[in-house]
Amino acid sequence: MPKRLAKKVLLVGWDAADWKIINPLLDNGQMPALESLINNGVMGNLATLDPPMSPMLWTSIATGMHADKHGIINFTEPAPQSAGIRPVTASSRKVKALWNILTQKNYKTHVVGWWPSHPAEPINGVCVSNFYQRAHAPIDKPWPLRPGTVHPKSKEKIFDKLRVHPQELTEAHILPFVPDAAKIDQDKDKRLESLAKIIADCSSIHSAATWILEHEEWDFMAVYYDAIDHFCHGFMNFHPPRMNHVPHDLFDLYKGVVSGGYLFHDMMLSRLLQLAGDDVTVILVSDHGFHSDHLRPLSIPKEPAGPAWQHRPYGVVCMKGQHIQKDERIYGASLLDIAPTVLTLFGLPIGNDMDGKPLVQSFDKPVEPEFIPSWEDVEGECGMLPENVQQDPYAEQEAMEQLIALGYVEKPDEDHQKAIEQTLNESQFYLARAYMNKNLYHDAMPILEKLYEKNYDQTRYAFQLAKCCQVVGKQVKAREIVERVIQTNEKYHPQFDLLLGSLSLAEKDYKRALGFLLKAEKSEPRLPVLHQQIGQAYLKMGKLDDAERAFTKALEIDPDSHIAHDGMAVVCLKKHQNEDAATFALNAIGLIYHYPIAHYHLGLALSRLEMYERAAEAFEVCAVIVPGFKGAHRMLKHLYQRRLNMSDKAAKHQVILDEINAKQSEKLI
Amino acid sequence: MKDDWMTPESIIPQVENQSFDTFDSFYENIPYEGSLGILALGAMGLLAWRKKRAEIGKASGKDTGEQNA
């Protein structure tokens, strides 16, 4: 059994936390607790998943698996006995979370506020669900703790008293965020009320978490704060620099709220660290970032979970503790890697069915994790809930109202059957996107085809289906779908030309593709995806300087575009600027590790630089991610045979190539 | 945004242990209105603030806005 590396692990979740907002605050010395974590540990980007929906993502963090495996595929789900819909529950999770695995191994394990975590699971410790904190009535009315909110039941009375009601808050809590709050007509502008609710909710979570740290034995604690996400959805439009459409008076009033939210979180983090003690491994993560600059969308599409368009694909990860390196940066981390990392810290094996990998680059010594087929096969009491646990309908209703208020779900149809159908459609849509995110386009196709058949008016379904068709080689069908959407839409969207350009690229009609893309550029020049596509078109046409200009433009708009970095790698390869090619490919991989083509391009660059062993490593990673990628196997065969004198390995890749070719021939017959 | 609350050291007492003396001096200085720093202390800060507020409120006849459980 591998050695246990951590005495205790504290996992802190800050929904939507983003380095782009944090960095200036750190530079100004305004987040000392986080700064101490960074200086004494490792930090990096944490790549999110698609679709970037928080209950799906936080479950992926807790399980190390994509949504198709863990089963949380929407904000809502059908309620039992067709009684309409309800917020997604912990009982819908199909696999063990970290706290179930640790419960099974008798570790003292606590969870506060995770999304989703209601009803509270009977783990080996305290579980406070995500239905805990929301006040649903004025302060002079009863605020009962809903059944199933706290495990064990014996502690309900304690946690009942630790909740903060928004109406308890005073000027002292509001003015640091909005100094000119007295100028606001609160009958017309309800933002202060929203602000108070956010502060009260996260203070309740924080109270519960700190009480546990002060009074309970613990080996592992996971605490989730949703407030930064709520601060951002409500107030990011007012964050500096002022967006053109935002009135000056509102900007002046609310420009400090988002930063204020981060400062408050740093103060809470300071307390958590103080209570946890020095001999603890602390992991701070977010599930996605939040656009805070010129990439903030000018409007939110009117569709379910429209606010997710404000999310950025990179969250944060920061880790400190014994056997963790100090003051180092880590690259290529994804939120799938957190659960495997925690298991490794406890010296526990990782399930082969987990989609993530432990962040071994964080450790100060080589670590060889062990693997088992699956933790689902390990028997024993683990504190999971049975499926379809009955719940308090009032608690469900309150939680639904919050999801509607946040814009994550539309108001359900009063006809329960219709509401259920709409929820099921969205769930299937998100599941299809999760498959696409895993490159399982053949699994996504039938889902999207069925959705599109029943819902021709849903442009989102059509576009994803078209993308799927494109990837699996059904260009004609992709074009039919896109042209149908364009014909039925009265208003022009530059997205249509972007799609038509993308289709033409796939059809190898590069000149036509460029025509569409340059037309889209005239309407919406700031779309980073657009410039990546323009760069691809120029690359295919052999116009390297134009391609370089397009990818450079894409990177100016979004320096974290892994596709643009890889595009630049290809330009440099074609120009035989091999060192630059390697740098750009590494940048791409550093942003998104599961990006096989970047590993391939890195391998090519390293081969040319005569760094054959590292080149082979890069091609091997590519082949692991996409086992059917012939180019990777060809290069590996060549390297092992001609450069590395490893004829056995060369032969192995020849066998793989023969198998791939044989399978392809069978399909053609 | 106000500057004074952005320096946590001035608000959160450096309570290295829950010693009676340290808590008392912290408790004595809790303002009626509370503060973000006190909320950031978590359970200890919240409960101490409520207790202090109730005491001050009782003494001065103020409505402390205590929630009903």
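Because the structure is predicted, anything quoted here is derived from the model rather than measured.

## A look at the overall build of chain A
Secondary structure summary: chain A contains 27 helices and 16 strands in total. For chain A, whose C-alpha radius of gyration is 25 Å, the value lies close to the compact-globule estimate of 26 Å for 669 residues. On the principal axes, the C-alpha backbone points of chain A span a range of 75 × 65 × 55 Å. In chain A, which comprises 669 residues, the proportion classed as buried is 61%. The contacts in chain A between residues at least 6 apart in sequence include a share of 66% that link residues at least 24 apart. The distance from the centre of the 72 positive side-chain charges to the centre of the 85 negative ones in chain A is 4 Å.

## Re the nonpolar core
Formed by 95 residues in total, the largest nonpolar core has its most connected members in L11(A), W99(A), W114(A), F220(A), V285(A), I338(A) and L448(A). Residues in contact with L11(A), not counting those within four places in the same chain, are L98(A), W114(A), F220(A), M221(A), A222(A), V223(A), I283(A), V285(A) and I338(A). Membership of the second largest hydrophobic core comes to 92 residues, among which are A33(A), M268(A), A276(A) and A40(B).

## Things to note about the layout of surface pockets
Residue and element names in this part refer to chain A. The computed volume of the second largest pocket comes to approximately 630 Å³. The wall of the second largest pocket is formed by 24 residues, among which P166, Q167, E193, A196 and K197 lie closest to the centre. Contributing elements (two or more residues each) for the lining of the second largest pocket: α7 (171–174), α8 (191–215) and α13 (393–406). Per-class residue counts for the lining of the second largest pocket are twelve nonpolar, six polar and six charged.

## Focus: helix α25 (residues 612–625) of chain A
With 14 residues, α25(A) should cover 20 Å at 1.5 Å per step; its first-to-last C-alpha distance of 20 Å lies within 8% of that length. Contact partners of the buried residues in α25(A): α24 (596–608) and α26 (630–643) of chain A.

## What about the pattern of salt bridges?
All names here are of chain A. Tallying each qualifying case throughout the model produces 31 salt bridges over all chains. For E77, the salt bridge goes to R86, with nearest N and O atoms at 2.8 Å. E77 sits in the buried class, given a relative accessible area of 8%. Overall, the relative accessible area of 0% leaves R86 in the buried class. One salt bridge in this structure joins R191 and D189, with 3.1 Å as the shortest N-O distance. Residue classification places D189 among the buried residues on the basis of a relative accessible area of 13%.

## Observations concerning unusual backbone geometry
Residue and element names in this part refer to chain A. Here the bond from W115 into P116 is cis, since omega is -5 degrees, no more than 30 degrees from zero. Residue position: P116 is located in the loop between β5 (109–112) and β6 (127–128). With omega at 0 degrees, the peptide bond leading from H151 into P152 counts as cis. Of note in the backbone geometry, D327 takes a positive phi value of approximately 55 degrees without being a glycine. Among the structural elements, D327 can be located in the loop between β12 (314–320) and β13 (328–329). The exposure class of D327 is exposed, given its relative accessible area of 52%. A positive phi angle is found at H576, which is not glycine, with a value near 60 degrees.

## Thoughts on the packing of helix α16 (residues 459–472) of chain A against helix α17 (residues 475–488) of chain A
All names here are of chain A. One can describe the packing of α16 onto α17 by two numbers: an axis separation of 8 Å at closest approach and a directional angle of 160 degrees. In terms of their interaxial angle, α16 and α17 are classed as roughly antiparallel. Classified by chirality, the crossing of α17 by α16 is left-handed. Counted together, T459, A462, F463, L465, A466, C469 and Q470 of α16 and Q475, K477, A478, I481, V482 and V485 of α17 form the full contact between these two elements. Its residues assigned to classes, the contact of α16 with α17 shows nine nonpolar, three polar and one charged.

## Describing the environment of F231(A)
All names here are of chain A. Within the fold, F231 resides in helix α9 (residues 227–235). What makes F231 buried here is its relative accessible area of 1%. For F231 and A90, which are 141 residues apart along the polypeptide, the C-alpha to C-alpha distance reads 25 Å. Excluding its chain neighbours within four sequence positions, the residues that come into contact with F231 are F177, L195, I198, I199, M236, V257, V258, G261 and H265.

## Digging into the environment of Q475(A)
Residues and elements named next belong to chain A. Assignment of secondary structure puts Q475 in helix α17. Looking at Q475, the relative accessible area reads 18%, which means it is buried. Taking the C-alpha atoms as reference points, Q475 and S504, separated by 29 residues in sequence, lie 8.9 Å from one another. Not counting the four nearest positions on each side in its chain, Q475 is found in contact with C469, Q470, L503, A506 and E507.

## Some points on the confidence of the model for chain B
Residue and element names in this part refer to chain B. On average, residues of chain B score 68 in pLDDT, and 57% of them are at 70 or above. Predicted confidence for residues 1–21 stays below pLDDT 50, and this span has 38 contacts to residues more than four positions away or in other chains. Overall fold confidence (pTM) sits at 0.91, and the ipTM for the predicted complex is 0.87.

## A closer look at the pairing of β5(A)
Residues and elements named next belong to chain A. The side-chain alternation of β5 yields two buried faces, one formed by T109 and V111 and the other by H110 and V112. Where β5 lies against strand β8 (residues 220–225), four bridges are found, and the strand directions are parallel. Paired with T109 across the strands is F220, a residue of β8. Bridging between β5 and β6 involves two bridges; their strand directions are parallel. Residue pairing for β6: V111 is matched across the bridge by C127.

## Thoughts on empty space enclosed by the protein
Residue and element names in this part refer to chain A. Inspection of every chain in the model, using the stated rule, returns two cavities of 30 Å³ or more. Taken as a whole, the largest cavity spans an internal volume of roughly 320 Å³. The leading source of residues in the lining of the largest cavity is α13, at six residues. A volume near 50 Å³ is recorded for the second largest cavity. Ranked by residue count, the leading element in the lining of the second largest cavity is helix α3 (residues 54–63), at three residues. Partitioned by chemical class, the residues of the lining of the second largest cavity number six nonpolar, two polar and one charged.

Analysis parameters
The residue numbering used here restarts from 1 in each chain and proceeds along that chain's sequence as written. Whichever chain is written first is A, and whichever ligand is written first is 1; the rest continue in order. In keeping with the model being predicted, local features are shown solely for residues with a pLDDT of at least 70 and side-chain atom pairs are shown and tallied solely at 80 or more, while totals for entire chains, interfaces and linings include all residues. No hydrogens and no water enter the side-chain calculation; it runs on all heavy atoms of the structure. Each helix is a run of DSSP H or I of at least 4 residues and each strand a run of E of at least 2, with the numbering of both proceeding from the N terminus. As defined in this context, the radius of gyration uses C-alpha atoms, and a globule is described by 2.2 Å times the residue total to the power 0.38. Think of it in three bands: with a 1.4 Å probe and only protein chains considered, a residue is buried below 20% of the maximum accessible area for its type, exposed above 50%, and partly exposed in between. In this description, contact between two residues means that some pair of their heavy atoms is separated by no more than 4.5 Å. As used throughout, the charge tally considers Lys and Arg to be positive and Asp and Glu to be negative, leaving His and the chain termini uncounted. Positions of charges follow a simple convention, taking NZ of Lys, CZ of Arg, CG of Asp or CD of Glu. Only buried Ala, Val, Leu, Ile, Met, Phe, Trp, Tyr and Cys residues count toward a nonpolar core, and they belong to the same one when joined by side-chain atoms within 4.5 Å. Cavities and pockets were defined on a 1 Å grid built over protein atoms only: a cavity is a set of grid points that admits a 1.4 Å probe from which the probe cannot escape, a pocket is an open set flanked by protein on both sides within 12 Å along at least five of seven lines, and lining residues are those with an atom within 4 Å of any such point. Grid points are joined across faces, edges and corners, and a volume is the space filled by probe spheres set on the points. Note on residue categories: nonpolar means Ala, Val, Leu, Ile, Met, Phe, Trp, Tyr, Cys or Pro, charged means Asp, Glu, Lys or Arg, and polar means any other residue, Gly included. Working rule for helices: expected span equals 1.5 Å times residues minus one. Just to be clear on terms, a salt bridge is a Lys or Arg side-chain nitrogen sitting within 4 Å of an Asp or Glu carboxyl oxygen. Between the N-to-C directions of two axes lies an angle of 0 to 180 degrees, each axis being a line fitted to C-alpha atoms and, for a helix, fitted only over the stretch in contact. In what follows, roughly perpendicular refers to angles from 65 to 115 degrees, roughly parallel to angles under 35, roughly antiparallel to angles over 145, and oblique to any angle outside these ranges. A clockwise turn of the near helix away from the far one marks a right-handed crossing, whereas an anticlockwise turn of less than a right angle marks a left-handed crossing. pLDDT: the predictor's confidence for each residue, scored from 0 to 100. When DSSP locates at least two bridges between a pair of strands, those strands are taken to pair.

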